[in-house]
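Chain and residue survey
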Amino acid sequence: MLDKVLDLVQKHEAYRSSCVNLIASENVVSDQVKRALGSDLAGRYVAYPKFYGGTRFMDEAWSLTEERACRVFRAKYASVNPIGGHIALMATLTTLCRPGATVASIPPEYGGYGGLAREHSMASMLGLRADYLPYDGEGYNLNTEKSLEYIAQNKPKVVVLGSSVILFPQPVREVAEEVHRYGGSLVYDGSHVMGLIAGGVFQDPLREGADVLVGSTHKSFFGPQGGLILSNDSEFMAKLSSNFLHVTQDNPHPNRVAALGVALAEAEKWGAQYASRVVLNSKRLAKLLFEEGLPVTPNTRGDFTQSHQVFLNYGGWEKGSDVRDKLEEVRIIVDAGVRVGLNEVTRRGYDEVDIESLAHAIALKLKGHEANTDILKIVDELVEKHPRIHYTL
Ligand SMILES: Cc1ncc(COP(=O)(O)O)c(C=O)c1O
């Protein structure tokens, strides 16, 4: 008899494979990545300096994964230790800051990461003083001039760029220059855009002057769920390595590390092609939804997005939740943000024509078309056309 939970897992899989998945922080993983995740490693421990026996193949896989991460993200050093983007940021801030230090980042109301909120957050737990950089809501980006003034005056120990709503590259070069004048550090949280950074189509934070690049490995990147830290600074990396075991986590989940190694090989082969398609698809969808009269607003230069996200501005979670639930009635899955992510559908091979159908389906539903069956017909056609995951080994 099938266990009740396994039965629910199967139901979940059948359901989500009948949906168009547009959650910007999710992606699909290949069968090879799943193979590593579901391997014997799922029940093992590994710790460095070496503590556990039996890890000879895992040790090699770990090193290979780090080497691949360095190549894919063009960094000298990589840590594949963190089990998520949140932990990656926490280990980094623990390494760079003492309690009481100021960390300045993108304001949460403009899509800055909740972990850096003033209260009830990673920042408050670490005893850090969270502060925010001046932001230009209409430009969907930092107000660079005012941010540089703020940094010069307040000298925050760490500035974190990168955010949860991220449509455009942020001014890393300018901010890095200012922060480095007084010995501060610039961390770029690329959680959302790691796949685009890997593919060379967004911005290249380490080359632009960031000291550390941290991020999730499963949003625009090829998965599995986990975190990654990259830097060219050997001193920082040496200190960082002592801030995992017994500090920010214990077991780094070696099955995840091996699965990340496989995902990195996929990115080495396909990362650039995938990433440019993602951006083309999101630009196309944004334009079509705008033409349909949905609340997608261009920035002051007339651009809607340069990332995997299209931002439907319904003014907050309450209306956003309604939109999410309405779209789910026709098996189109988004969050309450409403951040529409083109990462997963691109990995499923969606092209321009598919994006047109998708825009049509979203617009019909959100503009009040009564007959769900008409919209579900479009969704079913899209789902049937794209059963397979692309950009795999
Ligand atoms: C900007 C940013 N940083 C960090 C995280 C946390 O990442 P994870 O869920 O991998 O821990 C998120 C999650 O959505 C995020 O958007």
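Throughout, residues of each chain are indexed from 1 in the direction in which the sequence is written. Selection of residues for local features in this predicted model requires a pLDDT of at least 70, selection of side-chain atom pairs for listing and counting requires 80 or more, and totals for whole chains, interfaces and linings are taken over all residues. To obtain the side-chain values, all non-hydrogen atoms of the structure were included, while hydrogens and water were left out.

Here's the deal with the site of the ligand
- Consider each residue's heavy atoms; a residue with any of them within 4 Å of a molecule or strand counts as near. Taken together, G84, G85, H86, Y113, S163, S164, D189, S191, H192, S216, H218 and K219 are the residues near the ligand.
- Under the rule applied, a polar contact is a pair of N or O atoms within 3.5 Å (in protein, one hydrogen donor and one hydrogen acceptor; residues adjacent in sequence only if both atoms are side-chain atoms). G85 is positioned such that a nitrogen or oxygen atom in its backbone is 2.8 Å from an oxygen atom of the ligand.
- Here a nitrogen atom of the ligand and a side-chain polar atom of S191 are 3.3 Å apart.
- For the area figures, the Shrake-Rupley method with a 1.4 Å probe applies, and any residue is considered shielded solely by the protein chains shown. In isolation the ligand has 400 Å² of accessible area, and contact with the protein removes 81% of it.
- Partitioned by chemical class, the residues of the shell around the ligand number one nonpolar, nine polar and two charged. Side-chain classes follow a simple rule in which Ala, Val, Leu, Ile, Met, Phe, Trp, Tyr, Cys and Pro form the nonpolar group, Asp, Glu, Lys and Arg form the charged group, and the remainder, Gly included, forms the polar group.

Here's the deal with unusual backbone geometry
- Going from G223 to P224, the amide bond is cis rather than trans, its omega being 5 degrees.
- For P224, the position within the fold is in the loop between β9 (212–216) and β10 (227–231).
- For the bond running from G337 to V338, omega is -10 degrees, close enough to zero to count as cis.
- Strands here are runs of E lasting at least two residues and helices are runs of H or I lasting at least four, both read from the DSSP assignment and numbered beginning at the N terminus. Tracing the chain through its elements places V338 in the loop between β12 (332–333) and β13 (339–341).
- You will see that R74, though not glycine, has its phi angle at about 50 degrees, which is positive.
- Residue placement: R74 occurs in the loop between α3 (56–72) and β2 (77–79).
- For every residue, the accessible area obtained with a 1.4 Å probe (protein chains only) is divided by the maximum for its type, and the residue is called buried under 20%, exposed over 50%, and partly exposed between those limits. Accessibility expressed as a relative area gives 30% for R74, which makes it partly exposed.
- Residue H253 is not a glycine yet carries a positive backbone phi of 60 degrees.
- Relative to the assigned elements, H253 resides in the loop between α10 (234–241) and α11 (254–291).

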